[in-house]
Amino acid sequence: MSNTKRQLKLGVILSGVGNDQSGWREPGAQTNASIDINWFIANARKAEAAKFDHVFIVDSPYITPDTTPHFLNRLEPLTLLSALAVSTTHIGLVGTLTASYWEPYNVARQFASLDNISNGRAGWNVVTTGLEGAAQNYGREAHFDHAVRYARAREFVEVVQGLWDSYEDDAFPRDKETGVFLDKAKQHKLNHKGEFFSVAGPLALSRSRQGQPVIFQAGDSNEGRNLGAAIADATFASAENFETGQAYYKDLKSRAAALGRNPDHISVVPGFNPIIADTVEEAQAIEKAREGKLDLDKLLVQLGRPFNYHDFRQYALDEPFPDISNLTLNSYKGRAERILRIVRDEKLTLREAAWRFGTQRSKFSGTAETVADEIERWFVGGAADGFNLQSSRADQFDLFIERVVPILQQRGLFRTEYTSDTLRGNLGLPIPENRYTRARGEVAAVAAE
Ligand SMILES: Cc1cc2nc3c(=O)[nH]c(=O)nc-3n(C[C@H](O)[C@H](O)[C@H](O)COP(=O)(O)O)c2cc1C
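Residues numbered from 1 in each chain as written. Predicted model: local features only at pLDDT ≥ 70, side-chain atom pairs only at ≥ 80, totals over all residues. Heavy atoms only, no water.

Asker: What is the right way to read the site of the ligand from this model?
Answerer: Surrounding the ligand, one finds 19 residues, the nearest of these being Asp-59, His-146, Tyr-150, Ser-221 and Gly-334. Measuring from an oxygen atom of the ligand, one finds a side-chain N or O atom of Thr-96 at 3.4 Å. Here an oxygen atom of the ligand and a backbone polar atom of Gly-334 are 2.6 Å apart. Compared with its free state, where it exposes 620 Å², the ligand has 89% of that area covered by protein. At the level of elements, β4 (122–127), α5 (146–164) and α10 (333–345) are the ones that each hand at least two residues to the shell around the ligand. When the residues that make up the shell around the ligand are grouped by side-chain class, the tally is 7 nonpolar, 9 polar and 3 charged. Built from parts of two domains, the shell around the ligand gets at least three residues from each of domain 1 (9–280 + 361–437) and domain 2 (295–358). (Near = heavy atom within 4 Å. Polar contact = N/O pair within 3.5 Å; in protein donor to acceptor, adjacent residues only side chain to side chain. Areas by Shrake-Rupley, 256 points an atom, 1.4 Å probe, with all protein chains shown as cover. Helix = DSSP H or I, 4+ residues; strand = E, 2+ residues; numbered from the N terminus. Nonpolar A, V, L, I, M, F, W, Y, C, P; charged D, E, K, R; others polar. Domains from an automatic or database assignment.)

Listed below in structure tokens is the structure:
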């Protein structure tokens, strides 16, 4: 970790029309943004001009007619990010790909290609897919069990990282005189044979300037946190409030340390959707007006998502939260467990739970000053190393860049200029040494003794 002053890591989730129910209806919202590459290029360049660390593309291989607008009609992440790679120069490019329905060799090729095309700015958000319906798109009757898909994901990432090291960084002399294009001793087969995968390698692509793409991960359950602590350079958390943010932060860093990792080498980056206005009252009014557009039916659908779209519309609204203990929590387990705990502890009715968990209330709404204060509180208070802005309102993204970023820069909390043009450089992460070069060095060191 570079010994420069600790600064905020800022990313933005580019989700076109927005991954909530009503953003697309806002005045000024471009209703086909999720499939318009120029919308993505313009917003990636806007984030780069504001010196953000990365843009982030969500993904999920399963939809229903009730799915939120952005997810209903959107571009495939790696194809989209390749277009952004040639339209930007410094900003990181993070794409989501599930470890449950891809082959490690293909995923290794795709991200290594994006990393080379972008000259060292690729990041992979490793998910295991919470929506069980995805299984039907891949010839499976049932989705992988929660614990199994996390165990598979761990081996999956191991294989991909092994393949990324197939060529040592000086494997290609490309010497026209001698005719030596490749130094064969520096090409390596992986020969992986594991519980879930058997992959020989080598990968037909050398490493980029940042060595390997950066690994992001999002998972809240015990298994999710263990995977993050083991593999992630950064984790996306969904913290309800400052206290749960602190608890997650402390828990994840201590799990990483327990695995012998340097906790500074793993950044905790919660998602946040700020609402900025000239006064705090005005910001609250914006939030109220927004909630006024939400209909309960859609909130009940949103409440059902972490329970694999369990249909809560079948129950009485003003009765205590229904007993769904018969449901196996095989979807978004962490979130489902948290909802069940809170509705039980706070004795919420179904209607109250729908408003509480069906809406995406902002934890950061107010003036630019008060939003900057809250960001600083989380950053210095051990609840976050940065934030992933998820705004489905173009105006709020602009307001954040115009009004909040300058305040964060004045306070020395955020960069004013890029000091690197790789994602690892942006995040202050070391370049991982090629495992075969390291082994070669160790052998030489022993021989020299
Ligand atoms: C900020 C954030 C972004 C996420 N993005 C995605 C995504 O793009 N695709 C996806 O399948 N899951 C995504 N997830 C869901 C996680 O991958 C994971 O399935 C979920 O957090 C439940 O994990 P758990 O079962 O370990 O609790 C995201 C979660 C968070 C907190």
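Asker: Just checking my understanding: could you explain the nonpolar core for this structure?
Answerer: Proteins that are soluble and globular tend to have nonpolar side chains buried together. Within the largest apolar cluster, 72 residues are counted, with the highest numbers of intra-cluster contacts made by Phe-52, Val-55, Leu-84, Trp-124, Ile-375, Phe-400 and Leu-408. Residues contacting Leu-408, with those up to four places away along its chain left out, are Leu-8, Leu-10, Ala-372, Ile-375, Phe-400, Leu-413 and Phe-414. (Core = buried A, V, L, I, M, F, W, Y, C linked by side-chain atoms within 4.5 Å. Buried < 20%, exposed > 50% of the residue type's maximum accessible area, 1.4 Å probe, protein only. Contact = heavy atoms within 4.5 Å.)

Asker: For this particular structure, what's the right way to read the side chain of Thr-96?
Answerer: Of note, Thr-96 is situated in strand β3 (residues 92–98). We classify Thr-96 as buried; its relative accessible area is 3%. There is a polar contact of 2.9 Å between the side chain of Thr-96 and the backbone oxygen of Ile-57. Among the polar contacts made by the side chain of Thr-96, one reaches the side chain of Asn-125 at a distance of 2.9 Å. Filtering out sequence-adjacent residues up to four positions away, Thr-96 remains in contact with Phe-56, Ile-57, Val-58, Asp-59, Pro-77, Asn-125 and Val-127.

Asker: Even after reading the chapter, I still don't get the pattern of salt bridges, so can you show me in this structure?
Answerer: Where charged atoms from two side chains of opposite charge come close, those side chains can pair. By the definition in use, this model includes 30 salt bridges. Among the salt bridges present, the one from Arg-344 reaches Asp-345, with a minimum N-O distance of 3.4 Å. Exposure class is identical for Arg-344 and Asp-345. Each is exposed. Between Arg-411 and Glu-376 there is a salt bridge, with its nearest N and O atoms 2.8 Å apart. Taken together, the residues span a long stretch of sequence, with Arg-411 in the loop between α13 (394–410) and α14 (423–427) and Glu-376 in helix α12 (residues 368–380) at a distance of 35 residues. Residue classification places Arg-411 among the partly exposed residues on the basis of a relative accessible area of 29%. (Salt bridge = Lys/Arg side-chain N within 4 Å of Asp/Glu carboxyl O.)

Asker: What am I meant to see in the domain arrangement of the protein here?
Answerer: It is common to report an interface's size as the accessible area lost on association of the parts. Per the domain assignment, the segments making up the protein are domain 1 (9–280 + 361–437) and domain 2 (295–358). Facing the 21 residues of domain 1 at the interface are 18 residues of domain 2. Interface of domain 1 and domain 2: buried area, both sides summed, is about 1,700 Å²; carbon and sulfur atoms make up 43% of it. Considering only the side of domain 1, the residues that lose the most area to domain 2 are Leu-131, Glu-132 and Glu-240, jointly responsible for 31% of the buried surface there. Taken together, the connections running from domain 1 to domain 2 amount to 4 salt bridges. Across the pair Glu-223 and Lys-333 runs a salt bridge, and its minimum N-O distance is 3.2 Å. (Buried area = accessible area lost by both parts, 1.4 Å probe.)

Asker: What is the right way to read the pairing of strand β13 (residues 386–389) from this model?
Answerer: The side chains of a regular strand alternate, residue by residue, between the two faces of the sheet. Residues Gly-386 and Asn-388 point to one face of β13 and Phe-387 and Leu-389 to the other, with burial holding for every one of them. Bridge count between strand β1 (residues 9–13) and β13: 4 bridges; the pairing is parallel. Opposite Lys-9, over in β13, you have Gly-386 as the bridge partner. Where strand β10 (residues 271–272) lies against β13, 2 bridges are found, and the strand directions are parallel. By the bridge assignment, Phe-272 is partnered in β13 with Leu-389. (Pairing = 2+ DSSP bridges.)

Asker: Help me understand α5 in this model?
Answerer: Given 3.6 residues per turn, any residue in an α-helix points the same way as the ones three and four places further on. The terminal C-alpha atoms of α5 lie 27 Å apart, and with 19 residues this matches the ideal 27 Å at 1.5 Å per residue to within 8%. Measuring from the side-chain oxygen of the N-cap residue of α5 to the backbone nitrogen of Ala-147 gives 3.1 Å; that N-cap residue is Asp-145. (Expected span 1.5 Å × (residues − 1).)

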